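Breakdown of the fold
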Amino acid sequence: MAAVRSLATAAAIIAGFAAGPLSAQESKQENAEIARTSQIDNEIPVAPVKKEEPKPDWQLKPRWRLQYDVANIDGPEGLPGDGRISDIRRAQLGIDIKMPHGFSARVEGEFTADPLEFTDVYLAWDAKGINITAGQHKSFTPLDEMTSDLNTSFLERAAFVTAFGYGRRTGLSAGYAKGDWAINGGIFTDPLIMLDDVKSNSISADFRGYWSPKLGNVKLHLGAGYHWRDLKDFSDISTRYRQRPALRITDTRYISTPGFIVDREQRYGLEGAVVSGRFHGAAEVHWLDASRPGLADPKFFGGYGEIGVFLTKDSRPLKGGVFGGIKPKKPLGSGGFGAVQVNIRYDYLDLNSTGVTGGKQDGYLASLIWTPIENLRLVLNYARLDYSDAAIAVAGDRNYSVDVLGLRGQLSF
């Protein structure tokens, strides 16, 4: 309306010029009309222009996590390692650095190791679906390993993950993600802490790809991975494939191969997962081929299948090829109880093969997870582990069962 009145006033002035000079009375009336219109225009409020605060070019974010486990191992009488144990599972401290133009970096250390051991130490660049990472980071390992230890369904990952040696290594990797799918690959050597141990460090090539579409209210994930490694000078050192009994805070391994020389190895597997509301499911199968100079090459196998359900109105995030952290819809202290989740898993590991007897494990696991707030987690874990051809004999018997009950308190930021 103000614009219309202003145009009308301007038109009147132009028309006045066209009609000739005004009389004194007409001029006085015209000036009054212009003043009145100007006053009305000034009375109309004008919304202030909001200035957007520019995002800082550099951002620093501290990272820390603390996990404390209490557990009890119960097996046949005389079984080494059984009884009550407790210890700090993880105590990590680090920092994330965001830089201009898509660059970022992370430095994080594990303080329970002696000496201090680095977990992630890398520089990365990410833009338009392309990512490049240099330094020590995860070498495109299985889904259960790629998922952060803060967000796993049980106290520890599937047995084959540790037994086959998946983990972080030093190298250069790249990947591309578009829509529902992504592919990643890289060239790696040994972890930072091992780079000075030999003259010629190992070299490996790792690949992982996945397709993760959303079908209605269902999130689906299908993936595959491949790892090839030449151990170089480490081929002169005896290798053993082994695993602890669903706990990391014990050093006892009831399933383990004897030590033997390996010069090359291949690992490959398939993974799948699904999330639908409160429910989730996940499964993986993986094989390891070890090359022994002058001897038959063994092939080992491991896999798991799990399902879980929330008793609260929460869901397990599945994005970017990993399971994410739980953010309770109704946290404790904000009108809710937090998130409560129940999971069951079958965990299988076979370390028996041509010329090698390492044992077999059939694991039956159940967990109850309470996440009262985003940064606090309590996990109650039970595992029934049936062993055959176990590495440790009890009164001459290598076929027996072990029950493991564990509780974890977890704080993270």
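The rules behind the values
- Residues numbered from 1 in each chain as written.
- Predicted model: local features only at pLDDT ≥ 70, side-chain atom pairs only at ≥ 80, totals over all residues.
- Heavy atoms only, no water.
- Helix = DSSP H or I, 4+ residues; strand = E, 2+ residues; numbered from the N terminus.
- Buried < 20%, exposed > 50% of the residue type's maximum accessible area, 1.4 Å probe, protein only.
- Areas by Shrake-Rupley, 256 points an atom, 1.4 Å probe, with all protein chains shown as cover.
- Phe/Tyr/Trp six-rings, centres within 6.5 Å; stacked < 30°, edge-to-face > 60°.
- Lys NZ or Arg CZ within 6 Å of the ring centre and 35° of its normal.
- Polar contact = N/O pair within 3.5 Å; in protein donor to acceptor, adjacent residues only side chain to side chain.
- Salt bridge = Lys/Arg side-chain N within 4 Å of Asp/Glu carboxyl O.
- Patch = residues over 30% accessible without salt bridge, like charges linked within 9 Å, V, L, I, M, F, W, Y side chains within 5 Å.
- Lys, Arg positive; Asp, Glu negative; His and termini not counted.
- Charge placed at Lys NZ, Arg CZ, Asp CG, Glu CD.
- Pairing = 2+ DSSP bridges.

Helix and strand counts for the chain come out as 4 helices and 21 strands. Here the chain holds 413 residues, and the buried ones make up 43% of them. Total accessible area on the chain is roughly 21,600 Å²; 60% of this is exposed by carbon and sulfur atoms.

For the rest of this paragraph, the subject is the packing of aromatic side chains. Per the counting criterion, the structure on display carries 16 aromatic pairs. Ring centres of Phe160 and Tyr166 lie 6.3 Å apart, and the angle between their planes is 85°; on these two criteria the pair is classed as edge-to-face. Relative accessible area serves as the criterion here: at 12%, Tyr166 is assigned to the buried category. Sitting above the plane of the Phe323 ring, Arg316 keeps its charged end 3.8 Å from the centroid. Taking NZ or CZ as reference, Arg345 lies 4.3 Å from the ring centre of Tyr304, over its face.

This brings us to the side chain of Arg157. Mapped onto the fold, Arg157 is located in the loop between helix H3 (143–146) and helix H4 (159–163). Owing to a relative accessible area of 15%, Arg157 belongs among the buried residues under this scheme. Engagement of the side chain of Arg157 in a polar contact is seen with the side chain of Glu145, the distance being 3.4 Å. One polar contact links the side chain of Arg157 to the main-chain carbonyl oxygen of Thr147, over a distance of 2.8 Å.

This brings us to the pattern of salt bridges. With the rule as written, the count across this model stands at 24 salt bridges. Asp149 is paired through a salt bridge with Arg90; the nearest N and O atoms lie 3.2 Å apart. A residue pair is termed long-range when its members are at least 10 positions apart, and Asp149 in the loop between H3 and H4 and Arg90 in strand S2 (residues 83–98) qualify at 59 residues. Take Asp149 and Arg90: they sit in the same class, and that class is buried.

Take the environment of Arg408 next. Among the structural elements, Arg408 can be located in strand S21 (residues 400–412). It is 8.7 Å that separates the C-alpha atoms of Arg408 and Arg89, two residues lying 319 residues apart in sequence. Within polar-contact distance, the side chain of Arg408 engages the backbone oxygen of Leu155 at 3.1 Å. Of note is the side chain of Arg408, whose polar atom sits 3.3 Å from the side chain of Glu156.

A cluster of nonpolar residues, Trp64, Leu66, Tyr68, Ile88, Leu93, Val107, Phe111, Leu116, Phe118, Leu192, Leu411 and Phe413, forms a patch on the protein surface that exposes about 1,100 Å² of accessible area. Ranked by the residues each element gives to the nonpolar patch, the list is headed by strand S1 (residues 59–74), at 3 residues. By secondary structure assignment, the location of Phe413 is in the segment after S21.

On the surface, Arg278, Lys313, Lys329 and Lys330 cluster together into a patch of positive charge. Among the secondary structure elements, Arg278 is positioned in the loop between strand S13 (264–276) and strand S14 (279–291). With relative accessibility at 35%, the residue Arg278 sits in the partly exposed group.

Following Asp114, the chain continues to Pro115 via a peptide bond in cis, the omega torsion being 5°. Along the polypeptide, Pro115 turns up in the loop between strand S3 (103–110) and strand S4 (117–127). Although it is not a glycine, His101 sits at a positive phi angle of roughly 65°. Position of His101 among the secondary structure elements: in the loop between S2 and S3. The class for His101 is exposed, based on a relative accessible area of 70%. Look at Lys232: it is not a glycine, yet its phi comes out positive at around 50°. For Lys232, the location among the structural elements is in the loop between strand S10 (218–230) and strand S11 (242–243). What makes Lys232 partly exposed here is its relative accessible area of 35%.

Across a regular strand the side chains alternate sides, sitting on one face of the sheet and then on the other. As judged from the 7 bridges shared by S3 and S4, these two strands associate in the antiparallel manner. Residue pairing for S4: Phe103 is matched across the bridge by Trp125. Between the antiparallel neighbours S3 and S4 lie 6 residues. Bridging between S4 and strand S5 (residues 130–138) involves 7 bridges; their strand directions are antiparallel.

Any link to function would need more than the numbers given here.
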